[in-house]
Amino acid sequence: MTVVDAHIHQWDPLTTPREFSGLAKLFHYVPVPIDWAKRLAPKRDREFVGDPEPFVHPYLPADYRTDAGDVPVEGIVHIEVEWSGKGPLAPVGETRWVASLPFGVDTPALGAIIGAGDPAAPGFAELLDAHLAASPLFRGIRTRVEYHPDPKVRAHNKAPGALTAPAFLDGFGALAERGLGFEAWVFSNQLPEVTALAGHYPDATIVLNHLGTPAGIFGPVGKETGHNPGQRRELFVRWRDDLSALATHPNVVAKVSGLMMPILGHPVPPRGNPTPVPALLERISPLLEHALDVFGADRLIWGSNFPVDKPITSIGNAAEAVATALTAHGADEKALEQVFRSNAQRVYRIDNL
């Protein structure tokens, strides 16, 4: 069985405008050790990235092919990442840039592109049309809406409610009208907002990224998140119940991706030593078992989230851990094919594989 990796990022912070381009250029042009960033960067940034090394270098199709190793990835879905050009149509630059990369040249094919855009911003409909004109593989948008009540957890927003704000809901209609999807990257405390959005637009496809990113569920992060077993248990119970409520909406699918993000509280291993599969299984199995129970195999999609997850794991270990956990919980060969390939083809309308 070949695989569609439905969540990867491509970037070149040295030649394209990214929010982390300044950091990348500093370490490119100034001969200082990258590990200095671990000491100099704010704690919230260090906890989020785990290791800054992947962020200070370009990450392009050949880099992904190397990281994929023996995993038989046939196609990928690119997800937007911190493009910072100027002007209301600036995010289209990323869609155009990704479409120009040498995918399919001894690398997996580019199956779909998810660009950036904010439904609450003026001119959102015009932005969508510009994305569509930039590439026939454009399938939807992701918006920076992440919020966490712990002020020491890295987040874009300082207050909750972005997904249910009137301006966001009004603009969201332009997505639905064009048959485009929405990637919801949120922290787990925002799952009820995603549920409300799904109810407001029942005909729009919403893809929950990273099973809701329950920050601190594996270990301490921020000022007061996941610092003891009681907090982590409470976090799991709330995540479990909120995910169950979200799964009642048939227009929502969930990505079993990003489960190795450092912000979940994983210990960061030495660079080049990915966390062994048994250790990953011990942590992620309860999350995957519940996701399979409430979404079913036909509404789960696998993605590696590389290179963001690279400080914790390898693509091979991540894929093996997910497949093993799902199989142990009753997923058969057909179910694994859905999670690792056909669901992504359906949701992202990938027809070039």
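A brief structural summary. Fair warning: this is a prediction, and the values are worked out from it, not measured in the lab.

**So, the pairing of strand β3 (residues 109–116)**
Of all 8 residues in β3, 8 are buried, a share of seventy percent or more. Bridge count for strand β2 (residues 73–79) against β3 is 5 bridges, and the pairing is parallel. Its bridge partner being in β3, G75 is matched across the sheet by A109. As paired elements, β3 and strand β4 (residues 138–142) share 4 bridges and run parallel to each other. From the neighbouring strand, G115 faces β4, where its bridge partner is I141. For the handedness criterion, the β-α-β arrangement of β3, helix α6 (residues 124–134) and β4 is classed as right-handed.

**Topic: the packing of α6 against helix α7 (residues 166–177)**
For the pair α6 and α7, interaxial distance at closest approach is 9 Å and the crossing angle is 30°. For the element pair α6 / α7, the angle class is roughly parallel. The crossing of α6 and α7 is right-handed. For the pair α6 and α7, contact is made by F124, A125 and L128 and by G171, A174 and L175, respectively. Of the residues assigned to the contact of α6 with α7, the class counts are 5 nonpolar, 1 polar and no charged.

**Side note on the side chain of N209**
In this structure, N209 sits in the loop between β6 (206–208) and α9 (229–247). At a separation of 3.3 Å, a polar atom in the side chain of N209 contacts the side chain of R142. Apart from the residues lying within four places of it in its own chain, the contact partners of N209 are H7, R142, E183, A184, W185, K255 and S257.

**Quick notes on a nonpolar patch on the surface**
Taken together, L23, L26, Y29 and V30 make up a surface patch of nonpolar side chains, about 370 Å² in accessible area. Inspection of the secondary structure assignment puts L23 in helix α1 (residues 21–29). Accessibility expressed as a relative area gives 33% for L23, which makes it partly exposed.

**Focus: the packing of aromatic side chains**
The tally for this structure, following the rule as stated, stands at 12 aromatic pairs. Between F20 and F55, the aromatic rings sit 5.5 Å apart at their centres with planes inclined by 85°, giving edge-to-face as the arrangement. Separated by 35 residues along the polypeptide, F20 in the loop between β1 (3–8) and α1 and F55 in the loop between α3 (43–49) and α4 (61–68) bring together distant segments of the chain. This pair shows no difference in class: F20 is buried, exactly as F55 is.

**Examining the sheet that holds β1**
Pairing within the open sheet is parallel, and its 8 strands lie in the order β1-β2-β3-β4-β5-β6-β7-β8. Looking at which strands have only one partner, the edges of the open sheet turn out to be β1 and β8 (300–302). On average, adjacent strands in this sheet sit at an angle of 25° to one another, irrespective of strand direction. Bridge analysis of strand β7 (residues 252–256) against β8 gives 3 bridges, and the strand direction is parallel. Each residue of the ladder has a partner; that of A254, found in β8, is L300. Sitting on the sheet, helix α5 (residues 92–99) touches β2, β3 and β4, and the angle it makes with β3 is about 170°. Relative to the sheet, α6 contacts β3 and β4, its axis offset from that of β4 by approximately 140°.

**Observations regarding the pattern of salt bridges**
Within the structure shown, the criterion is met by 16 salt bridges. For K310, the salt bridge goes to D67, with nearest N and O atoms at 3.2 Å. Taken as a pair, K310 in the loop between β8 and α11 (315–328) and D67 in helix α4 lie far apart in primary sequence, 243 residues in all. K310 sits in the partly exposed class, given a relative accessible area of 35%. Judged by its relative accessible area of 18%, D67 falls in the buried class. By sharing partners, the salt bridges in this structure join E19, D45, E82, R144, E146 and R154 into a single network.

What counts and what doesn't
- Note on numbering: residues in each chain are counted from 1, in written sequence order.
- Only residues with pLDDT of at least 70 are given local features in this predicted model, and only at 80 or more are side-chain atom pairs given and counted; all residues enter the totals for whole chains, interfaces and linings.
- Working from all heavy atoms in the structure, the side-chain values ignore hydrogens and water.
- Using a 1.4 Å probe on the protein chains alone, a residue whose accessible area is under 20% of its type maximum counts as buried, one over 50% counts as exposed, and one in between counts as partly exposed.
- Only runs of H or I of at least four residues qualify as helices and only runs of E of at least two qualify as strands under DSSP, and these elements are numbered from the N terminus.
- At least two bridges found by DSSP between two strands are what make those strands a pair.
- With the strands pointing away from the viewer, any crossover whose connection runs clockwise from the first strand over the helix to the second is right-handed.
- Structural elements are reduced to axes, namely lines fitted to C-alpha atoms, with helices fitted over the stretch in contact, and the angle between N-to-C directions of any two is expressed from 0 to 180 degrees.
- What sets the label is the angle itself: under 35 degrees gives roughly parallel, over 145 gives roughly antiparallel, 65 to 115 gives roughly perpendicular, and the rest give oblique.
- Each crossing gets its hand from how the near helix is turned against the far one by less than a right angle, where anticlockwise is left-handed and clockwise is right-handed.
- In what follows, residue pairs with any heavy atoms lying within 4.5 Å of each other are defined as contacts.
- We call Asp, Glu, Lys and Arg charged. Ala, Val, Leu, Ile, Met, Phe, Trp, Tyr, Cys and Pro are nonpolar, and the rest, Gly among them, are polar.
- In protein, a polar contact requires one atom able to donate a hydrogen and another able to accept it; more generally it is a pair of N or O atoms within 3.5 Å, and residues adjacent in sequence count only if both atoms are side-chain atoms.
- Residues enter patches when they are more than 30% accessible in relative terms and free of salt bridges; like-charged ones are connected within 9 Å and nonpolar ones (Val, Leu, Ile, Met, Phe, Trp, Tyr) within 5 Å.
- Only the protein chains shown count as cover for residues, and the accessible areas themselves come from Shrake-Rupley with a 1.4 Å probe.
- Salt bridges are counted wherever a side-chain nitrogen of Lys or Arg sits within 4 Å of a carboxyl oxygen of Asp or Glu.
- We call Phe, Tyr and Trp rings a pair once their centres come within 6.5 Å, taking the six-membered ring for Trp, and we label the pair stacked below 30 degrees between planes, edge-to-face above 60, and tilted otherwise.

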